[in-house]
Amino acid sequence: MIRACASFGLLGLLLAAPAQAEQYWTSTRIVQIGAVAEDLDYPHYSDVIYIGVADREWLPETCRKMPGLLARASDTALLLLAKAAFEHGRPVVIKADDQGKIGEYCRFFQITDEAP
């Protein structure tokens, strides 16, 4: 009886554990950048940074259906790096995941500038 309860307890923990998001990354160029402070029609798209990237083949299919990636505008470091890379046409490594969505867009969470 104790063994069965322990098994059910472990099963409960496994079922309650959140699924891990896959992470995807590549070196690319940012070809568009934008920001939305407040969108009254689509509030989940408020306070976001939008980037369009030169290629999207590296992203999972669920992320390729939208034209770009989003992050929260409160992530100031991401905004500053994205803006500088866009302005200077420099390649960056961008990391995104397929479960951290903002609305229908996949979320990017890291930018690494590859400038020499």
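Structure shown above.
Because the structure is a prediction, the values reported are computed rather than measured.

So, how was this worked out
Residues numbered from 1 in each chain as written. Predicted model: local features only at pLDDT ≥ 70, side-chain atom pairs only at ≥ 80, totals over all residues. Heavy atoms only, no water. Helix = DSSP H or I, 4+ residues; strand = E, 2+ residues; numbered from the N terminus. Buried < 20%, exposed > 50% of the residue type's maximum accessible area, 1.4 Å probe, protein only. Contact = heavy atoms within 4.5 Å. Salt bridge = Lys/Arg side-chain N within 4 Å of Asp/Glu carboxyl O. Phe/Tyr/Trp six-rings, centres within 6.5 Å; stacked < 30°, edge-to-face > 60°. Lys NZ or Arg CZ within 6 Å of the ring centre and 35° of its normal. Core = buried A, V, L, I, M, F, W, Y, C linked by side-chain atoms within 4.5 Å. Expected span 1.5 Å × (residues − 1). Arc of directions from axis to C-beta.

Enquirer: Would you mind going over the overall build of the chain with me for this structure?
Expert: Each helix and strand counted, the chain has three helices and five strands in total. Along the chain, helices (α) and strands (β) appear in the sequence α-β-β-α-β-α-β-β when read from the amino end. The 116 residues of the chain split such that 30% are buried. Put simply, of all contacts in the chain between residues at least 6 apart along the chain, 60% involve residues at least 24 apart.

Enquirer: When you look at the pattern of salt bridges in this model, what are you seeing that I'm missing?
Expert: If charged atoms from side chains of opposite charge come close, those side chains can pair. One pass over the structure, following the stated rule, counts five salt bridges. For the salt bridge of Lys 65 with Glu 104, the shortest nitrogen-to-oxygen distance reads 3.4 Å. One end of the pair, Lys 65, is in the loop between helix 2 (61–64) and strand 3 (69–72); the other, Glu 104, is in the loop between strand 4 (91–102) and strand 5 (105–113), and 39 residues separate them in sequence. Taking relative accessible area as the criterion, Lys 65 reaches 52% and is therefore assigned exposed. Classification of Glu 104 as partly exposed rests on a relative accessible area of 42%.

Enquirer: Explanation requested: the packing of aromatic side chains in the structure shown.
Expert: By convention here, two paired aromatic rings are described through the distance between centres and the angle between planes. Enumeration according to the criterion identifies three aromatic pairs in this entry. For the ring pair Tyr 42 and Tyr 45, a centre distance of 6.4 Å and an interplane angle of 55° mean the geometry is tilted. With a centroid separation of 5.7 Å and 90° between ring planes, the pair formed by Tyr 45 and Tyr 105 is classed as edge-to-face. A residue pair is termed long-range when its members are at least 10 positions apart, and Tyr 45 in the loop between strand 1 (23–36) and strand 2 (48–53) and Tyr 105 in strand 5 qualify at 60 residues. For the pair shown, Tyr 45 and Tyr 105 are each scored as buried. Each member of the aromatic cluster is reached from another via a ring pair, and the members are Tyr 42, Tyr 45, Tyr 50 and Tyr 105. The aromatic ring of Trp 25 is capped on one face by Lys 95, whose charged end is 5.1 Å from the ring centroid.

Enquirer: Just to check I follow, could you spell out the nonpolar core for this structure?
Expert: Side chains of a nonpolar character, in soluble globular proteins, are inclined to be buried together. Counting 18 residues, the largest nonpolar core has Ile 30, Ile 51, Trp 58, Leu 69, Ile 94, Phe 108 and Ile 111 as the members making the most contacts within it. Those residues in contact with Ile 111, other than ones at most four positions away along the chain, are Ile 30, Leu 78, Leu 81, Ala 82, Val 92, Val 93 and Ile 94. Counting residues in hydrophobic clusters, the runner-up holds seven residues, among them Tyr 45, Tyr 50, Met 66 and Tyr 105.

Enquirer: Explain helix 3 (residues 76–88) here, please?
Expert: What sets the pattern is the α-helix's 3.6 residues per turn: residues three or four places apart point alike. The first and last C-alpha atoms of helix 3 sit 18 Å apart over 13 residues, in line with the 18 Å expected at 1.5 Å per residue. Among the residues making up helix 3, those that are buried are Leu 78, Ala 82 and Ala 85. Within helix 3, the buried residues cover an arc of 70° as seen down the axis, which keeps them to one side. In helix 3, those exposed residues whose orientation departs by more than 90 degrees from the buried face are Ala 77, Leu 80 and His 88. Elements that come into contact with the buried residues of helix 3 comprise strand 1, strand 2, strand 3, strand 4 and strand 5. Two residues or fewer after helix 3 comes Gly 89, characterised by a positive phi angle close to 65°.

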